[in-house]
Amino acid sequence: MLSKKGKLITIISSVVSLVLCLVIVLLTVTSCSDNKDGGKTVKRVVKKKIIVVEEPEGESKGDMTIYDVVDEEYDGPEEVVDTVVVPEYEVELEGEKKTPLESKIAIGFYAYNWGQWEEQFGEKFGKESEFLTVGNVGTIEKAKWAKERGVSGFITPLTSKSAFVSNDSSVLSESWKENVLSTAEAFQVAGLWDVVEGYHFDEPLLKLSGEQFREMTKFLAETFPDKRIFPVHCNYEINGTSMSGSVFDTISYDTSAYCTDIGYDNYHSIDIEYQREMIEKIKEMAGRKDIRIWLFPTTFVHNSYDEEYMLAHLNMYYKLLMEQENPGGLYLYSWKTYGEMTGFAQLTDPNLEWKYNRLLNRVVEIGKELKNAEYNYKTTKN
């Protein structure tokens, strides 16, 4: 007859054997692919992301389709980690797709349509895609030009209080959301969604309250998680007031929470210390270390701006951009002429009197440098 100690040892041995058998069975079940040596590679597929997909318009209401998206690199317990409502055309089941500017420092002109450079200069400076990386892709036709050149750009949704159910509300109207979704669907159907970097906003807090802008960017970020959200802000959105006394909401973590990029436009100073201070202030107000920084060099004649000033402003912003932990790019303002502000296209047109050739050559030079520059995007948030 076994002693109490012997019985205990027997029980422990039985438990250990049972556990080992279960481990062997699990390894056999989960092994799913051959390695290069002809053996089996164990792959643990344990984390599931569930995306609930809205039915297309015209289908039965309330009928939902559910997909399981498996992240094979995750090594934790099986669990539902996210639930996102997205339109059907947006579902990506083959893995994350990187956008063209994901690891690039961009350069482009504000209000620039792809093809305009070559229409004006031919190939005197090379093809535009050799030194410009971002432009306007707001229409299917413009996006086609970008696709052909291997470049990309942003689109701008309606940014006004009419996007909401009322001027004082932060609830987005169904018509605004439907317009955003149908626009995205048109790009998707045309095979051009990959050239759309994301959504750009021009000084949005001059048009919307902080809460309205947050809700607008939240909708876009949750609906299109692979796209970038990029507002550019001015001093009024930093200080909260304009020179005329108008009052605005200021940049904050709430207004920046769903943004991937943030721009700063200040055309009126070439004091590098002042500009550096303002850039740091924007980052501090946004409360985000992972956000990409864009700067807007002056490339238009207005008041006392001349070629010397524009060169100084461009070189200053180029230097400040390259100081950033996460540089987004340079957005030169502007290609197009607005009112009394003569834009870059006219300033460098060989058929007009301006002949700003030094500015022209410097833009091409910086563009080629940035085109070939890559960096490791730092994702630490705070």
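In case you missed it, the structure is sitting above this.
Conventions adopted
Residues numbered from 1 in each chain as written. Predicted model: local features only at pLDDT ≥ 70, side-chain atom pairs only at ≥ 80, totals over all residues. Heavy atoms only, no water. Phe/Tyr/Trp six-rings, centres within 6.5 Å; stacked < 30°, edge-to-face > 60°. Helix = DSSP H or I, 4+ residues; strand = E, 2+ residues; numbered from the N terminus. Buried < 20%, exposed > 50% of the residue type's maximum accessible area, 1.4 Å probe, protein only. Lys, Arg positive; Asp, Glu negative; His and termini not counted. Salt bridge = Lys/Arg side-chain N within 4 Å of Asp/Glu carboxyl O. Polar contact = N/O pair within 3.5 Å; in protein donor to acceptor, adjacent residues only side chain to side chain. Contact = heavy atoms within 4.5 Å. Pairing = 2+ DSSP bridges. Axes fitted to C-alpha atoms, helices over the stretch in contact; angles between N-to-C directions. 1 Å grid on protein atoms, 1.4 Å probe; cavity = no way out; pocket = protein on both sides within 12 Å on 5 of 7 lines; lining within 4 Å. Points joined across faces, edges and corners; volume = space filled by probe spheres on them. Nonpolar A, V, L, I, M, F, W, Y, C, P; charged D, E, K, R; others polar. Core = buried A, V, L, I, M, F, W, Y, C linked by side-chain atoms within 4.5 Å. Parallel < 35°, antiparallel > 145°, perpendicular 65-115°, else oblique. Left-handed = near helix turned anticlockwise from the far one by under 90°.

K.L.:
For this particular structure, what's the right way to read the packing of aromatic side chains?
P.N.:
Pairs of aromatic rings are described using the distance from one ring centre to the other and the angle between the two planes. Per the counting criterion, the structure on display carries 35 aromatic pairs. An angle of 45° between the planes, with centres 6.1 Å apart, marks the rings of Phe-109 and Tyr-112 as tilted. Aromatic pair Tyr-110 and Tyr-331: ring centres 5.6 Å apart, planes at 65°, arrangement edge-to-face. With Tyr-110 in the loop between β6 (106-109) and α2 (116-121) and Tyr-331 in strand β13 (residues 327-332), this residue pair connects regions lying 221 residues apart in the sequence. One aromatic cluster in this structure is built from Tyr-110, Phe-154, Phe-230, Tyr-267, Trp-294, Phe-296, Phe-300, Tyr-305, Tyr-309, Tyr-331, Tyr-333 and Tyr-338.

K.L.:
Is there a simple way to think about the side chain of Lys-227 in this case?
P.N.:
Mapped onto the elements, Lys-227 comes out in the loop between α5 (210-223) and β10 (228-233). No salt bridge is formed by the buried Lys-227. Its closest oppositely charged neighbour is Asp-226, at 4.4 Å. A polar atom in the side chain of Lys-227 sits 2.7 Å from the backbone oxygen of Trp-193. Not counting the four nearest positions on each side in its chain, Lys-227 is found in contact with Trp-193, Asp-194, Val-196, Glu-197, Gly-198 and Thr-260.

K.L.:
In this structure, what is going on with the sheet that holds β6? I would like to understand it.
P.N.:
Note on sheets: strands pair through backbone hydrogen bonds, and any given pair is parallel or antiparallel. Taken together, the eight strands give an open sheet; going across it, the order is β6-β13-β12-β11-β10-β9-β8-β7, and neighbouring strands pair in parallel fashion. Edge positions in the sheet fall to β6 and β7 (134-136), since each has one partner strand and no second. Pairwise comparison of adjacent strand axes, ignoring direction, gives a mean angle of 30° for this sheet. With five bridges connecting them, strand β9 (residues 196-202) and β10 associate as parallel partners.

K.L.:
How should empty space enclosed by the protein be read in this particular structure?
P.N.:
Where empty space is left in the structure can be found by rolling a water-sized probe over the atoms. This structure, assessed with the given rule, holds one cavity of 30 Å³ or more. Estimates place the volume of the largest cavity at around 30 Å³. Forming the walls of the largest cavity are Ile-262, Gly-263, Tyr-264, Ile-279, Ile-282, Ile-293 and Trp-294. Listing elements by their share of the lining of the largest cavity, those giving two or more residues are β11 (261-264), α8 (272-286) and β12 (292-295). Counting residues per element, the lining of the largest cavity draws most heavily on β11, at three residues. Across the lining of the largest cavity, the residue classes break down as six nonpolar, one polar and no charged.

K.L.:
Is there a simple way to explain the nonpolar core in this structure?
P.N.:
If you look at soluble globular proteins, the nonpolar side chains tend to sit buried side by side. Within the largest apolar cluster, 89 residues are counted, with the highest numbers of intra-cluster contacts made by Trp-117 and Leu-330. Once residues within four sequence positions are removed from consideration, Leu-330 is found in contact with Ala-106, Ile-107, Gly-108, Trp-294, Leu-295, Pro-297, Leu-314, Tyr-317, Tyr-318, Leu-321, Ile-366 and Leu-370.

K.L.:
Help me out: how do you make sense of the packing of helix α9 (residues 307-323) against helix α11 (residues 357-371) in this one?
P.N.:
Between two packed helices, the angle of one axis relative to the other and the distance separating the axes together describe the packing. Relative to each other, α9 and α11 sit at 15°, their axes nearing to 9 Å. Viewed along their axes, α9 and α11 adopt a mutual orientation that is roughly parallel. Seen along the crossing, α9 lies across α11 with a hand that is left-handed. Judged by residue contacts, Glu-307, Glu-308, Met-310, Leu-311, Leu-314, Asn-315, Tyr-318 and Met-322 of α9 engage Asn-357, Arg-358, Leu-359, Arg-362, Val-363, Ile-366, Glu-369 and Leu-370 from α11. Partitioned by chemical class, the residues of the contact of α9 with α11 number nine nonpolar, two polar and five charged.

K.L.:
It is not clear to me how the environment of Asp-249 should be interpreted in this structure. Could you clarify?
P.N.:
On the secondary structure map, Asp-249 appears in the loop between α6 (235-239) and α7 (253-256). The class of Asp-249 is partly exposed, set by a relative accessible area of 37%. Separated by 40 residues in sequence, Asp-249 and Ser-209 have C-alpha atoms that sit 6.0 Å apart. Setting aside residues no more than four positions away along its own chain, Asp-249 makes contact with Leu-205, Ser-209, Gly-210 and Glu-237. Reaching out from Asp-249, the side chain makes a polar contact with the backbone nitrogen of Gly-210 at a distance of 2.6 Å.

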